[in-house]
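One-letter residues, chain by chain:
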Number of protein chains: 2
Amino acid sequence: MAQNRTQTDRDVVSELTTGRLSVYLRCLSYLESIHQETVSSAELAERFHLNSAQIRKDLACFGEFGTRGVGYNVSRLKEHLIRELGIDRRRNVVIAGAGNLGMALADYGGFNDRGFRIAALVDVDPAKVGRTSRAGIPVLSYSDIKRIVAEQNVEIGIIAVTPDAAQEVYESFVAAGLNAILNFAPVQLRAHGHVKLKNVDLRINLELLSFYLKGVEDGTA
Amino acid sequence: MAQNRTQTDRDVVSELTTGRLSVYLRCLSYLESIHQETVSSAELAERFHLNSAQIRKDLACFGEFGTRGVGYNVSRLKEHLIRELGIDRRRNVVIAGAGNLGMALADYGGFNDRGFRIAALVDVDPAKVGRTSRAGIPVLSYSDIKRIVAEQNVEIGIIAVTPDAAQEVYESFVAAGLNAILNFAPVQLRAHGHVKLKNVDLRINLELLSFYLKGVEDGTA
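Residue numbers here run from 1 along each chain, matching the order of that chain's written sequence. Both sets of labels track the order of writing: A upward for chains, 1 upward for ligands. Two thresholds apply to this predicted model, a pLDDT of at least 70 for residue-level local features and 80 or more for giving and counting side-chain atom pairs, whereas whole-chain, interface and lining totals are computed over all residues. As a rule here, side-chain values cover all heavy atoms of the structure and leave hydrogens and water aside.

Enquirer: Would you explain the relation of the copies chain B and chain A in this entry?
Expert: To go from the first copy of the chain to the second, apply a rotation about an axis and then a shift along the same axis. A least-squares superposition brings the copies together, and it is based on the C-alpha atoms of residues with pLDDT no lower than 70 in both. For the pair chain B and chain A, the best superposition has an RMSD of 0.0 Å and corresponds to a rotation of 180° with a translation of 0.0 Å parallel to the axis. Here the two chains are linked by the operation of a two-fold rotation axis. The rotation axis passes nearest to the C-alpha of Asn100 of chain B in chain B, at a distance of 2.3 Å. With an isologous cut-off of 70% or more, the 100% of interface residues of chain B that recur at the interface of chain A puts this contact in the isologous class. Contacts: residue pairs with any heavy atoms within 4.5 Å of one another.

Following this line, the structure appears as structure tokens:
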């Protein structure tokens, strides 16, 4: 139990840090697009409404790029973050479930781009196998997962099936050797400790908006 | 600028708090499902890998339900959180874009349930208007947004269109009187200050998994 908790604490810290690195990367990409060459932690904080002390702490290990009074070199810091996030090389992804959600994810901007490649969708429905997504991602047979993962060097699996099928897909992904799984099915999976599982709970976003609307109604927002 | 920042700070705090309330709600729903009647902050923390000091702080305003040594009454605390999140009454939602993503969201578990109701999808494509999602949500004409919002008392708009159409949909939602908007298009929208906008960036989840895989490769995970 104690070991479980330590693992989870590390996961949470890792998720928070990674989330911030991802945000910095987006900010730097924007600055690069408007041809800005350097940026200070204070300007990053001001411009993107971030915490400058947290920025300095997070980027302390990239000290070589931070010159007092000048700040960071935008392009070099961006490249560094890309390496830190492990997206300086291409990671192949397979999506289980070629329904609306799987098809939407296969063609989602940013899922098949800058470090990620959707190798295939897989589905149990023979009527779907052989089709492609609008962007041309092929739908292959669910029974071929193991072969696809091995042949295409897939590292990440996405679960986009119905809640009742999600656990079976999870087990197939683990059996095929995947160590990182993203789950969109709104169900609690029984997870294996050595496999990184990230659950995406889209409903939380609606609850956030409801909380805001209630604040407006109550006159506290 | 100062006012902008204050607004954003409050937004960030509100998002963090709301996110935790949503997590507590899920934990309590689980405990209720296994017929557990009371729970202490320490047990909540231990069982769901949360921070017990943070739990006590977040739930301090619900003190009447927390009896020292006994803990919270699960069902009553759950009802309280539901009221706090403003989902004790039904909020109507409209989705713009009846492509794969819009259709997937219309039928997504938790989006049309417990406090939320998807009133309709809207689309500019005449070929899609008149259809329904698998769960029976109707696709109406995009030009009818204002009427749909008024007639069905819609409070939340979801943007599920392509990036190039997202800003126009945002403006239509604001013009129709919506104050809370969820954006799935991977694009930075020019936002109006009085409208709550929540951007969902799905790519961040893949970057998190990549960061984990890189840690395994480097031997630091």
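Text resumes after the structure shown.
Enquirer: Looking at this structure, I do not really get the packing of aromatic side chains. What am I missing?
Expert: When we look at a pair of aromatic rings, we describe it by the centre distance and by the angle of the planes. Stacked, tilted and edge-to-face are the three classes applied to pairs of Phe, Tyr and Trp rings, where Trp contributes its six-membered ring and a pair requires centres within 6.5 Å; stacked means planes under 30 degrees apart, edge-to-face means over 60, and tilted covers the rest. On inspection of all chains with the given rule, the structure shows two aromatic pairs over all chains. Note on Tyr108 of chain A and Phe111 of chain A: the rings are 5.1 Å apart at their centroids and 80° apart in plane angle, and the pair reads as edge-to-face.

Enquirer: Would you mind going over the pairing of strand β4 (residues 116-123) of chain B with me for this structure?
Expert: Within a regular beta strand, the side chains point alternately toward one face of the sheet and then the other, so they alternate between its two faces. Residue and element names in this part refer to chain B. Under the scheme applied here, a residue whose accessible area is under 20% of the maximum for its type counts as buried, over 50% as exposed, and between as partly exposed, the area being computed with a 1.4 Å probe on protein chains only. What counts as a helix is a DSSP run of H or I of at least four residues, what counts as a strand is a run of E of at least two, and both are numbered from the N terminus. Burial analysis of β4 places seven of its eight residues in the buried class, the great majority of the element. Here the rule is simple: two strands pair whenever DSSP picks up at least two bridges between them. In this structure, strand β3 (residues 91-96) lies alongside β4, joined through six bridges in parallel fashion. Residue Val93 lies in a different strand from β4, and its bridge partner there is Ile118. With the strands aimed away from the viewer, a crossover counts as right-handed if its path from the first strand over the helix to the second runs clockwise. One crossover worth recording links β3 to the parallel β4 by way of helix α5 (residues 100-106), and it is right-handed. Here β4 pairs with strand β5 (residues 139-141) via three bridges, running parallel. By the bridge assignment for β5, Val122 is matched with Leu140.

Enquirer: I tried to follow the interface of chain B and chain A on my own but got confused; where do I start?
Expert: Interfaces are often sized by the amount of accessible area the parts lose when they come together. The partner chain A presents 64 residues to the 64 residues of chain B that form the contact. The term salt bridge refers to a pairing of a side-chain nitrogen on Lys or Arg with a carboxyl oxygen on Asp or Glu at a separation within 4 Å. At the junction of chain B and chain A, the tally comes to eight salt bridges. Here Arg91 of chain B ties to Glu217 of chain A by a salt bridge, and the two come within 2.9 Å at their closest N and O atoms. Polar contact is defined as a pair of N or O atoms within 3.5 Å, subject to the rule that within protein one atom must be able to donate a hydrogen and the other to accept it, and that residues adjacent in sequence are counted only when both atoms are side-chain atoms. Run the count over chain B and chain A and you get 28 residue pairs in polar contact (both at pLDDT 80 or more). Among the secondary structure elements, those contributing two or more residues to the side of chain B that touches chain A are α1 (2-33), α4 (74-84), α5, β6 (154-159), β7 (180-183), β8 (196-199) and α8 (203-218) of chain B. Sort the elements by how many residues they give to the side of chain B that touches chain A and α8 of chain B lands first, with 13 residues. Classification convention: Asp, Glu, Lys, Arg as charged; Ala, Val, Leu, Ile, Met, Phe, Trp, Tyr, Cys, Pro as nonpolar; all other residues, Gly among them, as polar. Taken together, the residues that form the side of chain B that touches chain A break down as 29 nonpolar, 15 polar and 20 charged.

Enquirer: Before we go on, may I ask you to explain the sheet that holds β6 of chain B in this structure?
Expert: Sheet strands pair by backbone hydrogen bonding; their relative direction is either parallel or antiparallel. Residue and element names in this part refer to chain B. The parallel open sheet is built from six strands, whose spatial order is β5-β4-β3-β6-β7-β8. Edge positions in the open sheet fall to β5 and β8, since each of these has one partner strand only. Mean inter-strand twist for the sheet, computed between neighbouring axes without regard to direction, equals 30°. Bridging between β6 and β7 involves four bridges; their strand directions are parallel. When the sheet's bridge partners are listed, Ile159 is paired in β7 with Asn183. Contacts from helix α7 (residues 163-175) reach β3, β6, β7 and β8, with the element oriented near 175° to β6. Helix axes are fitted to C-alpha atoms over the stretch in contact, other axes to C-alpha atoms as well, and angles between N-to-C directions run from 0 to 180 degrees.

Enquirer: So what exactly am I meant to see when it comes to the sheet that holds strand β6 (residues 154-159) of chain A here?
Expert: All names here are of chain A. Taken in spatial order, the six strands make up an open sheet running β5-β4-β3-β6-β7-β8, and their pairing is parallel. Single-partner strands in this sheet number two, and they are β5 (139-141) and β8 (196-199). Averaged over all pairs of adjacent strands, the angle between their axes in this sheet comes to 30°, without regard to strand direction. Bridge count between strand β7 (residues 180-183) and β8: four bridges; the pairing is parallel. Within the sheet, the bridge partner assigned to Leu182 lies in β8 and is Lys198. The strands touched by helix α7 (residues 163-175) are β3 (91-96), β6, β7 and β8; relative to β6, the strand with the most contacts, the crossing angle is about 175°.

Enquirer: What exactly am I supposed to notice about the pairing of β3 of chain B here?
Expert: All names here are of chain B. Burial of β3 is extensive: six of the six residues sit out of reach of the surface. Bridging between β3 and β6 involves five bridges; their strand directions are parallel. Note on β6: the bridge partner recorded for Val94 is Gly157.

Enquirer: I keep staring at the layout of surface pockets and nothing clicks. Help me out?
Expert: Sizing a probe to match a water molecule and rolling it over the atoms shows the empty space that remains. A pocket here means an open set of points on a 1 Å grid, computed over the protein atoms alone, that has protein on both sides within 12 Å along at least five of seven lines. A cavity is instead a set of points where a 1.4 Å probe fits but cannot get out; residues with an atom within 4 Å of a point line either one. Grid points are joined across faces, edges and corners, and a volume is the space filled by probe spheres set on the points. In this structure, the second largest pocket spans a volume of roughly 670 Å³. Around the second largest pocket, the lining comprises 27 residues; the ones closest to its centre are Arg134 of chain A together with Gly99, Ala160, Val161 and Thr162 of chain B. The set of elements that each furnish at least two residues to the lining of the second largest pocket consists of α5 (100-106) of chain A together with α5, β4 and α7 of chain B. A total of four residues in the lining of the second largest pocket trace back to one element, the largest contributor, which is α7 of chain B.

Enquirer: What's the story with the confidence of the model for chain A in this structure? I'm lost.
Expert: Interpretation of this model should avoid reading the predicted coordinates in detail wherever pLDDT is low. Residues and elements named next belong to chain A. A score between 0 and 100, pLDDT records how confident the predictor is in each residue. The pLDDT averaged across chain A works out to 88; a share of 90% of its residues lies at or above 70. Here residues 1-7 is a poorly scored stretch, pLDDT under 50, and it has five contacts once near neighbours within four places are set aside; other chains count. If you check the scores for this complex, the pTM reads 0.84 and the ipTM reads 0.88.

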